[in-house]
Structure formats: C-alpha cells, structure tokens
Amino acid sequence: MTIRKYKNADCEAVSFMFYDTIHTINSKDYTEEQLSAWADNSDSLTARRRNDLLAQFTLVAEINGKIVGFGSIDKSGCLDLLFVHKDYQKQGIATALCGELEKNYSLITTYSSITAKPFFEKRGYQVIKSHEVERFGVKLKNFKMIKTQPYSVFE
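Worth saying up front: this structure is predicted, and the values here are computed from it rather than measured. (Residues numbered from 1 in each chain as written. Predicted model: local features only at pLDDT ≥ 70, side-chain atom pairs only at ≥ 80, totals over all residues. Heavy atoms only, no water.)

> So what's going on with the pattern of salt bridges? Residues and values would help.
This model, assessed by the stated rule, comprises seven salt bridges. Aspartate 10 is the partner of arginine 4 in a salt bridge, and the nearest nitrogen-oxygen pair spans 2.8 Å. By relative accessible area, which is 5% here, aspartate 10 ends up buried. The residue glutamate 62 makes a salt bridge to arginine 4 at a minimum N-O spacing of 3.0 Å. Within this pair, whereas glutamate 62 is found in strand β2 (residues 57-63), its partner arginine 4 is found in strand β1 (residues 2-5), the two being separated by 58 residues in sequence. Neither residue differs from the other here; glutamate 62 and arginine 4 are each classed as buried. Among the charged side chains, a salt-bridge network with shared partners connects Arg4, Asp10 and Glu62. (Salt bridge = Lys/Arg side-chain N within 4 Å of Asp/Glu carboxyl O. Buried < 20%, exposed > 50% of the residue type's maximum accessible area, 1.4 Å probe, protein only. Helix = DSSP H or I, 4+ residues; strand = E, 2+ residues; numbered from the N terminus.)

If you want it as structure tokens, here you go:
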C-alpha cells in the first residue's frame, strides 16, 4: 500500500468510493433513506467537494495503482473525510491514513458516523456529543469526537 497526496484527477474514483462505501459499509447503521440523503449526491461531490479536497490536506491510499481509501483534514485539525473501499476494510488502510492525517495536530476533531465511531474510539477519540445533521430533509445521527495528542514541530 502506498499513501500519496490527492490529485484533482482522483476525484471521480474518490466520488465513486464515497457513494459505494456509504451504501454498503454504513447500511447496517442507517436506513436506505438516510444513505440516499448522505451519498446520492455523490455526483455533486465531484463539483462541491473538489475544491475542499484540494484545499484540505487530502491523502489517498493505493494498492497496485487502485485507490482503496482516502481521507482529508482541514487546517483547523478537523478530520473531514475518511473512507475505505468496501473490499479493503479491516486491512489497516484507515489506520495508515489517519496516522498521516493526524500528524502535526495536537487537537483533532471529527464528526463520526455510527459505523466509524468504534474505529475512532480505538484511536483515542472521545465523544463530545451525539447529534443529528440534516441532509435533504433527512436526519442522520453522528458524533462530534476529539482527540488530543502530543505535538512536535520536529516530527
């Protein structure tokens, strides 16, 4: 597995993975209506998120040239996106991406899905609050989580 910086040319593959991962991996924790509200705007991910993915520190994980995961963190330390291809779950990809994304931040915030919450808890994140976000009139439960860690500019 290699981890590299996101390029604009990755947007289509990342958008498809975003949609597909939500509709498969998250299906045990969310209704079909919620999954559709969350991910059926994946076409707009291409337009809407393209600038975010370029503006944030965004990484992709590849195996044999295939993108199998991606994640992003903004300048404030908010871990925005973290998705791993449905066929590559539980292989250390999310852990490797997070390890790189979390570097140089002493405080990291994320808004975790129900599905991802145990992963983040194992990484030392703590739930600050549970809340609902609304997308296209549909409410989805997620968790505001934070992680504090030592920070060194020399790492």
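From this point, the narrative continues.
> Residues and numbers for the layout of surface pockets, please.
A volume near 1100 Å³ is recorded for the largest pocket. Leu82, Ser113, Thr115, Ala116 and Phe120 are the residues nearest the centre of the largest pocket, which is lined by 41 residues in total. Elements with a minimum of two residues in the lining of the largest pocket: α1 (11-25), α3 (42-55), β4 (78-84), α4 (93-102), β5 (107-113), α5 (117-122), β6 (126-135) and β7 (138-148). At seven residues, β4 tops the list of elements feeding residues into the lining of the largest pocket. Broken down by class, the residue content of the lining of the largest pocket amounts to 21 nonpolar, twelve polar and eight charged. (1 Å grid on protein atoms, 1.4 Å probe; cavity = no way out; pocket = protein on both sides within 12 Å on 5 of 7 lines; lining within 4 Å. Points joined across faces, edges and corners; volume = space filled by probe spheres on them. Nonpolar A, V, L, I, M, F, W, Y, C, P; charged D, E, K, R; others polar.)

> An account of the environment of aspartate 10 is needed here, citing residue identities and associated values.
Along the chain, the position of aspartate 10 falls in the loop between β1 and α1. Here the alpha-carbon distance between aspartate 10 and isoleucine 67, two residues 57 residues apart in the chain, equals 8.3 Å. In contact with aspartate 10, other than residues within four places in its own chain, are Arg4, Lys5, Val60 and Ile67. Among the polar contacts made by the side chain of aspartate 10, one reaches the side chain of arginine 4 at a distance of 2.8 Å. (Contact = heavy atoms within 4.5 Å. Polar contact = N/O pair within 3.5 Å; in protein donor to acceptor, adjacent residues only side chain to side chain.)

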